[in-house]
Number of protein chains: 2
Amino acid sequence: MAAVLTPQADDFPRWYQDVLAKAELADNGPVRGTMVIRPYGYALWERMQAELDARIKAVGARNVYFPLLIPESYLQREAEHVEGFSPELAVVTHAGGKQLDEPLVIRPTSETIFGEYMAKWVQSYRDLPLLLNQWANVVRWELRPRPFLRTTEFLWQEGHTVHATEADAAAFARTILHDVYADLMTSVLAIPVVPGRKTVHERFAGAVNTMTVEGMMRDGKAVQLGTSHELGQNFARAFDITFLDAESQRQTAWTTSWGAATRMLGGLIMVHGDDAGLRLPPRVAATQAVVMVAKAGEGVVEAASALAAELRAAGVRVEVDDRVDTGFGRRAVDWELKGVPVRIELGPRDLAAGSATVVRRIGGTKTSQPLASVASSVAAAMDEDQAALFAEATKLRDDRIADVASIDESVEASAAGWARIPWAVVGTEGETLLAQSGITVRCLVRPDGSVPDSEDEPDVLAYVGRAY
Amino acid sequence: MAAVLTPQADDFPRWYQDVLAKAELADNGPVRGTMVIRPYGYALWERMQAELDARIKAVGARNVYFPLLIPESYLQREAEHVEGFSPELAVVTHAGGKQLDEPLVIRPTSETIFGEYMAKWVQSYRDLPLLLNQWANVVRWELRPRPFLRTTEFLWQEGHTVHATEADAAAFARTILHDVYADLMTSVLAIPVVPGRKTVHERFAGAVNTMTVEGMMRDGKAVQLGTSHELGQNFARAFDITFLDAESQRQTAWTTSWGAATRMLGGLIMVHGDDAGLRLPPRVAATQAVVMVAKAGEGVVEAASALAAELRAAGVRVEVDDRVDTGFGRRAVDWELKGVPVRIELGPRDLAAGSATVVRRIGGTKTSQPLASVASSVAAAMDEDQAALFAEATKLRDDRIADVASIDESVEASAAGWARIPWAVVGTEGETLLAQSGITVRCLVRPDGSVPDSEDEPDVLAYVGRAY
């Protein structure tokens, strides 16, 4: 087969663009920085949404929907927030044929509008914690857009919660980081993320603590895949979110916010894809196996359908490809490109022999198997492939993390992956120096890998590297 | 219990506003005409989405996501379309701190941007039909907003399809009308809709045929709950959607579009609610039954949990209400307001007697039942209640439809419900006359209730009435 993609080693960003186009994941939109998510890409997003939504509900949050358009004055109530987001805002000045009295911004995130209503809904300590989430589109005018990773408009979920105490807010933000985001990334997306704390410089505008889960792409660069923020009392003060405690004393509440976006799709592609295309972890694959009718022949389509039904009964998400008018090789390359974990090829000769050819995208094996055992072997392959991709990504990441002791070494290590370095060696000054080489501190962790409560804890380590 | 809602007979619109607030379905947003959908309202929307999405996928459409912001020039390519939507547009003129070269409109609907890309994706007859759908927010600047029914921003799905022939497009638009929309409304929302054809005057801007499913509210007014449009070749010509047919001749395609929105929630409330609050058809209720711990007592909470587990195993979506700090009466009224089909009350005395009190929201019966039989009786109640609400709504609607023979009689009948009148008696002139009394032609049907292919067919009947 002719190679259809730029090899990763030649030009990784171009490989990425090639995959997006050839696997029919996304197109560029008409407005710079926007994108059209095509059916195959959107089906992956739907799988991620379902898995993430279930985890968000499991920790007790309920879904809501707030308006897209936010009065400009709302943003101005939290000083750091408006400063951080102002350069990225899209502004509606005209509507219904008239100029508006007050310009409206398209939400870049919704802390302010949630704040306004949470203040109304929270009256007593009995109303707390208030745990809300919304699935929505947001707009941030990006200077350097890249499909999925950084787009002017993106889809995400944003959680917003109110708590009676700082400790409760802190604990909940960590539950989201670990039980929701890190669990989704590792167990569904097969991405071995590093959960950690952001430096003051990298914090969300208006937060007192931003935590992140960072993934390493196959070119060694980082992608921030989800963030969870402690907002302290900054938004509670700006929006007057107060409550009467058990002693009927008025208290100011504590809030958190947290989000994960279509950016995860970009991470999924860049963590697992290879020179032949996507490789999808079975848990996120919309199609886990395809039964290909290799060639027309008596009873072949029927046998393929029967096999698909067996696979479906075994819990496998399966599709039948009977487009025999299109060349077999072309179709096989296409399924490879699309990263479907298992291809089952069935032709007249296979059928006569009572067997089928099972081709694994992950691992690359190709074996002839008795028809009767195909369903159970493919079902078993799902767990194997999920584990194999996770193990491969973990090894690749670990091989590219270098323990270093100086800024210079950090710069050197960042050419291939990440450097791990004592935060005391870096500090705010080192962070500025690294930025000159396009390198950022991705996150801070304790020596045992847990997330520090402060960057001033002794022995804190920094992961530094380049990022998308 | 004190009546908390304005009685429907006194002021139906005020009853509606009361229910929205008291059942915690929605709040008004900060910008006029926008709304905040609260957790209880959003959970209903999620149920509708799941049921509608499954039906859309069952007819072969696949989900995608297109950008929110559309270049103004796109809208201008289809003359009727831009004329119809111009007065309702919200326009982004500034972004990223600069004035934009070309203003961007927030999508009021997405025919134009889908058209642009469908033209790229469709090359050959083999690519047809192309069946796409998206779940999205849209903005239309409304002069007379009303929560859910008519809001400046609303959530919906919009389907966009391309076909090789007019007949195929026509058939698909009807499949959506009947198998997707009418089926959802009748079998899930328990709303006995009338599917019909819109008059030329009521057509979607740019369509050659608009079909609708119309529901009657409890005050006799109509709500258009979903529309399916044949767009002819209007958008295909404007966006150059062409394909090579089997003889390699270039042909212009035929397109359709169709949508259903959060407006369905408004319809659901207004079709089934009564003076005590919502009444939810079990199939759309996020919570179908609640086990109320009437009073604290040894083993009561445990027994309530055990009963809930039994109900869950019987396929019932159930919640436990053990907020014994809040008065029982207040909680009971709240569940009534929220329209949960079944309330199971359990206190120490019930437990000692091995029974529970089962209160049905629909029908209003209150019976003491042996604990062991509660789960099976509640599970059976789900189908009974679903059928009962549908039967009640059907009777109420049929009682309020009057067969009339003149415009004057139509105006009279529209005070209480709908008039059914030969379309030949109304015509375009009659439509203008009716409009002077705030009455519209809701749809046209054949005498046997099927949807006419043209308003010029003999014996076509018109349903006319007031509408939200």
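All of these numbers come straight from a predicted model, not from anything done at the bench.

Basis of the calculations
- Residues numbered from 1 in each chain as written.
- Chains lettered and ligands numbered in written order.
- Predicted model: local features only at pLDDT ≥ 70, side-chain atom pairs only at ≥ 80, totals over all residues.
- Heavy atoms only, no water.
- Pairing = 2+ DSSP bridges.
- Helix = DSSP H or I, 4+ residues; strand = E, 2+ residues; numbered from the N terminus.
- Buried < 20%, exposed > 50% of the residue type's maximum accessible area, 1.4 Å probe, protein only.
- Contact = heavy atoms within 4.5 Å.
- Domains from an automatic or database assignment.
- Least-squares fit on C-alpha atoms with pLDDT ≥ 70 in both.
- Buried area = accessible area lost by both parts, 1.4 Å probe.
- Salt bridge = Lys/Arg side-chain N within 4 Å of Asp/Glu carboxyl O.
- Nonpolar A, V, L, I, M, F, W, Y, C, P; charged D, E, K, R; others polar.

K.L.:
Could you give an account of the pairing of strand β19 (residues 366–370) of chain A, with specific residues and numbers?
P.N.:
Residues and elements named next belong to chain A. Here 5 bridges tie strand β18 (residues 355–360) to β19, and the two strands are oriented antiparallel to one another. Bridge assignment links valine 358 to a residue of β19, and that residue is threonine 367. The loop that links β18 with its antiparallel partner β19 comprises 5 residues; one of these, glycine 363, has a positive phi angle of about 105°.

K.L.:
Describe the side chain of Thr255(A), naming the residues involved and giving the relevant values.
P.N.:
Residues and elements named next belong to chain A. Its location among the elements puts threonine 255 in strand β14 (residues 254–261). Since its relative accessible area comes to 3%, threonine 255 is described here as buried. Ignoring sequence-local partners within four residues, the contact set of threonine 255 consists of Thr161, Val162, His229, Glu230, Leu231, Gly232, Phe235, Ala236 and Ile241.

K.L.:
Give a detailed account of the domain arrangement of chain A, specifying residues and quantitative values.
P.N.:
Considered domain by domain, chain A is made up of domain 1 (12–272), domain 2 (289–382) and domain 3 (401–465). Using C-alpha coordinates to define each centre, domain 2 of chain A is positioned 47 Å away from domain 3 of chain A.

K.L.:
I'd love a proper account of the relation of the copies chain B and chain A, names of residues and values included.
P.N.:
When chain B is fitted onto chain A, the two copies agree to an RMSD of 0.0 Å after a turn of 180° and an axial shift of 0.0 Å. The superposition operator between the copies reduces to a two-fold rotation axis. Among all residues of chain B, the one whose C-alpha sits closest to the rotation axis is Val92(B), at a distance of 2.1 Å. A symmetric contact is evident, with 100% of the interface residues of chain B recurring at the interface of chain A.

K.L.:
Tell me about the interface of chain B and chain A, and name the residues and values.
P.N.:
Tallying the contact residues gives 51 residues for chain B and 51 residues for chain A. In this assembly, chain B packs against chain A so that about 4,100 Å² is buried in total across both faces, 63% of it on carbon and sulfur atoms. Of all residues in chain B, the largest losses of buried area upon contact with chain A belong to Pro30(B), Pro39(B) and Tyr65(B), amounting jointly to 15% of the total for that side. Here chain B is connected to chain A by 4 salt bridges. As a salt-bridge pair, Lys120(A) and Asp27(B) come within 3.1 Å of each other at their nearest N and O atoms. A per-element tally of the side of chain B that touches chain A places strand β5 (residues 90–95) of chain B first, with 6 residues. Residues of the side of chain B that touches chain A, tallied by class, amount to 31 nonpolar, 9 polar and 11 charged. Of the strand pairs in this sheet, strand β5 (residues 90–95) of chain A and β5(B) are connected by 5 bridges, and their pairing is antiparallel.

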